[in-house]
Amino acid sequence: MADRQELGRMLARSAFAQEAVIAAGEESRRRLGRDLPPPPQKLSNRPPRRRPAR
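Procedures and definitions
Residues numbered from 1 in each chain as written. Predicted model: local features only at pLDDT ≥ 70, side-chain atom pairs only at ≥ 80, totals over all residues. Heavy atoms only, no water. Salt bridge = Lys/Arg side-chain N within 4 Å of Asp/Glu carboxyl O. Helix = DSSP H or I, 4+ residues; strand = E, 2+ residues; numbered from the N terminus. Expected span 1.5 Å × (residues − 1).

J.: Please clarify how the pattern of salt bridges should be interpreted in this entry.
T.: Oppositely charged side chains are able to pair whenever their charged atoms sit close together. Inspection of the entire model under this criterion finds two salt bridges. Arg-30 is paired through a salt bridge with Glu-27; the nearest N and O atoms lie 2.5 Å apart. Note that Arg-30 and Glu-27 are positioned in helix α2 (residues 13-32) at a spacing of three residues, about one turn of the helix. Measuring nitrogen to oxygen at the nearest pair gives 3.9 Å for the salt bridge that ties Arg-31 to Glu-27.

As structure tokens, this is what we get:
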């Protein structure tokens, strides 16, 4: 609530998440002292299959 009053705006969850990811990336670049490596071209939306326990 205080954030909304201070900023004078309300963010949707997706906008909040987007701003958090951008801020984390900027902080990582600053700590690393260079650009981050490029992300993979495409990420799978399916988790890897688990191997059966032996």
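J.: Help me understand α2 in this model?
T.: Given a rise of 1.5 Å per residue, 20 residues ought to cover 28 Å, and the 28 Å separating the end C-alpha atoms of α2 matches this to within 8%. Once α2 ends, the next one or two residues include Gly-33, with phi positive near 85 degrees.

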